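Geometric and topological summary
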There are 2 protein chains.
Amino acid sequence: MKIIKIAIADDEALFRKGMKLILNAYQEFNVEIEAEHGVHLIEQLRAANELPDILLLDLKMPEMNGIEVAKVVQKEFNEIKIIVLSTHFSRAFVINMIELSAVAYLPKNSQPTEVAETIKAVYEKGFYYNNDVLGMIRENIISKTKAKANFEFDLTAREKEILQLICEQYTAPEIAEKLFISPRTVDGHRNNLLSKLNCKNVAGLVVLALQHKIVQIPLRY
Amino acid sequence: MKIIKIAIADDEALFRKGMKLILNAYQEFNVEIEAEHGVHLIEQLRAANELPDILLLDLKMPEMNGIEVAKVVQKEFNEIKIIVLSTHFSRAFVINMIELSAVAYLPKNSQPTEVAETIKAVYEKGFYYNNDVLGMIRENIISKTKAKANFEFDLTAREKEILQLICEQYTAPEIAEKLFISPRTVDGHRNNLLSKLNCKNVAGLVVLALQHKIVQIPLRY
DNA sequence: ATCAAAACAGGTAGAATTACCTAGACATTC
DNA sequence: GAATGTCTAGGTAATTCTACCTGTTTTGAT
């Protein structure tokens, strides 16, 4: 019987050790690499003479978070299948990780048997999506065309308007001129946006606006 | 026990009758509508006082083909779950049907038991994708992001790095510190980006970077 | 009619961006 | 060896952004 080699990257030592115990209880699994953050993981992978088959990857880690790790692994160690561990389970997030070539998505509160089944399925079929994830994927495909209104942030109509224009590369004075208001007012609205959306600067606003389709920007080339 | 009401649309009478016999052999299924092409199907649906739960839809039909039918059904009879029957099994085709809200995709040479299982799964979970279809969906998600990035713009590695950090809301001084270079150098790179990508400001850079997936940004809330 | 929220607008100040320059170090290519 | 391209980094200046204030007017809802 072929033994499935597993790497675990998670900053919580307890979780990591627990998972290792659980997995090593199966004779077909062997946890070969443990890392408390991305940098450590990458180091170990580069040093390893035999790569793991599967990487259980926590998203929230210090030093180098799961997304950065996924990118490096995807580039340097493409053969390793990434199974994402997370408490975060929103559609956009899951889709994002699949785009980063995650082959499965496991909630952190999963049962040990689910984890084992997922690993086996990934090893055999190359990927495994449970019904929740499948539903999200489906919604994602279907909703691609629809521009859904956004209720998650309570922006006022004016704020959305300002946000839209910011995304269209207008500066505050330009927006002011366009809307026949004072530049200071535009400033005020932008500050409210930064505060409401918890962003550092316009870059953050634009990212959020696009990710959540709060604004519509025609594709440019 | 709830009986699952089924409609079959297929131009081949033999296939249609055969399928009907097979399905009606299960006591939980009842084939209520048969149609040899789309027009006929739509007519029957409009006349029906009780809509079917599931529509087995052949794609190749005279008069009105499966894709047009799917569009009409999606619009007028949204509750009906469409299971696509086809010999045609290319990725683009399958994805296209899912976008048209097909909830399952069955090869025409499937085993009767597979058909029955698919129908049950659809009735219970709302959709059912077998491994082939799942693989296609997965490829579709991944291929969207890959490839392109490098082609359309010739950004240097350093420029992409800077662009990434800009999108992550780092200011020039912060980026400089992160990369151990002078803030002025970061300035230079950003200016090159603005010029190369023909943008007015960072907002434009971020929009372009996200639209063309030059960078990967974790979803935020 | 009253209250709260939103939109409006100004002050001040420091940080950052943007737009022009110039130019050396280094690697690759012809 | 020269040409090219990239990364590096500095000068100068105007503009813009960001973060704190303050306040009035308008609007919508109870």
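For the structure given in this document, a descriptive report is provided here. (Residues numbered from 1 in each chain as written. Chains lettered and ligands numbered in written order. Predicted model: local features only at pLDDT ≥ 70, side-chain atom pairs only at ≥ 80, totals over all residues. Heavy atoms only, no water.)

1. Structural notes on the overall build of chain A
Each helix and strand in chain A was counted, giving 10 helices and 5 strands. Against the compact-globule benchmark of 17 Å for 221 residues, chain A has a radius of gyration of 22 Å, which places it well outside the compact range. A separation threshold of at least 6 residues defines the contact pool for chain A, and within that pool the share at least 24 residues apart is 64%. Surface accessibility of chain A: about 10700 Å² in total, with carbon and sulfur atoms responsible for 53%. (Helix = DSSP H or I, 4+ residues; strand = E, 2+ residues; numbered from the N terminus. Rg over C-alpha atoms; globule rule 2.2 N^0.38 Å. Contact = heavy atoms within 4.5 Å. Areas by Shrake-Rupley, 256 points an atom, 1.4 Å probe, with all protein chains shown as cover.)

2. What to know about the sheet that holds strand E1 (residues 4-9) of chain A
All names here are of chain A. Spatial strand order, E2-E1-E3-E4-E5: 5 strands in an open sheet with parallel pairing. Of all the strands in the sheet, the pair left with one neighbour each is strand E2 (29-35) and strand E5 (102-107). With direction set aside, neighbouring strand axes in the sheet form an average angle of 25°. Pairing between E1 and E2: 6 bridges, direction parallel. Within E2, the position partnered with Ile6 by the bridge is Val31. The strands touched by helix H2 (residues 38-47) are E1, E2 and strand E3 (54-58); relative to E2, the strand with the most contacts, the crossing angle is about 125°. Across the face of the sheet, helix H4 (residues 91-99) comes into contact with strand E4 (81-86) and E5 while running at roughly 145° to E5. (Pairing = 2+ DSSP bridges. Axes fitted to C-alpha atoms, helices over the stretch in contact; angles between N-to-C directions.)

3. Digging into the protein's contact with DNA strand D
With respect to spatial proximity, 17 residues lie near DNA strand D, and among them A:Arg190, A:Asn201, B:Thr156, B:Arg158 and B:Ser182 are the closest. Backbone atoms, meaning sugar and phosphate, make up 60% of the atoms of DNA strand D lying within 4 Å of the protein. B:Arg184 is positioned such that a nitrogen or oxygen atom in its side chain is 2.8 Å from a base oxygen of DNA strand D. In the model, a phosphate oxygen of DNA strand D is placed 3.1 Å from a nitrogen or oxygen of the B:Thr185 side chain. Elements with a contribution of two residues or more to the surface near DNA strand D: helix H8 (172-179) and helix H9 (183-196) of chain A together with helix H10 (183-196) of chain B. The element best represented in the surface near DNA strand D is H9(A), accounting for 5 residues. Considering only residue class, the surface near DNA strand D consists of 5 nonpolar, 7 polar and 5 charged. (Near = heavy atom within 4 Å. Polar contact = N/O pair within 3.5 Å; in protein donor to acceptor, adjacent residues only side chain to side chain. Nonpolar A, V, L, I, M, F, W, Y, C, P; charged D, E, K, R; others polar.)

4. Focus: the protein's contact with DNA strand C
Looking at DNA strand C, there are 15 residues lining it, with A:Thr156, A:Arg158, A:Ser182, A:Arg184 and A:His189 nearest. In DNA strand C, atoms within 4 Å of the protein come from the sugar-phosphate backbone in 66% of cases. Within the contact set of DNA strand C, a base oxygen lies 2.6 Å away from a side-chain nitrogen or oxygen of A:Arg184. The contact in question runs from a phosphate oxygen of DNA strand C to an N or O atom on the side chain of B:Arg190, over 3.2 Å. The set of elements that each furnish at least two residues to the surface near DNA strand C consists of H9 of chain A together with helix H9 (172-179) and H10 of chain B.

5. Focus on the pattern of salt bridges
Using the criterion set out here, one finds 27 salt bridges over all chains in the structure. One salt bridge in this structure joins A:Asp10 and A:Lys108, with 2.9 Å as the shortest N-O distance. With A:Asp10 in the loop between E1 and helix H1 (13-24) and A:Lys108 in the loop between E5 and helix H5 (112-125), this residue pair connects regions lying 98 residues apart in the sequence. Among the salt bridges present, the one from B:Lys108 reaches B:Asp58, with a minimum N-O distance of 3.5 Å. Placement of B:Lys108 in the loop between strand E5 (102-107) and helix H5 (112-125) and of B:Asp58 in strand E3 (residues 54-58) is noted, with a sequence separation of 50 residues between them. Relative accessible area serves as the criterion here: at 18%, B:Lys108 is assigned to the buried category. For B:Asp58, a relative accessible area of 4% puts it in the buried group. (Salt bridge = Lys/Arg side-chain N within 4 Å of Asp/Glu carboxyl O. Buried < 20%, exposed > 50% of the residue type's maximum accessible area, 1.4 Å probe, protein only.)

6. Remarks on the side chain of A:Lys5
The topology assignment puts A:Lys5 in strand E1. Other than its neighbours up to four places away in sequence, A:Lys5 contacts A:Asn30, A:Glu32, A:Glu50, A:Leu51, A:Pro52, A:Asp53 and A:Ile54.

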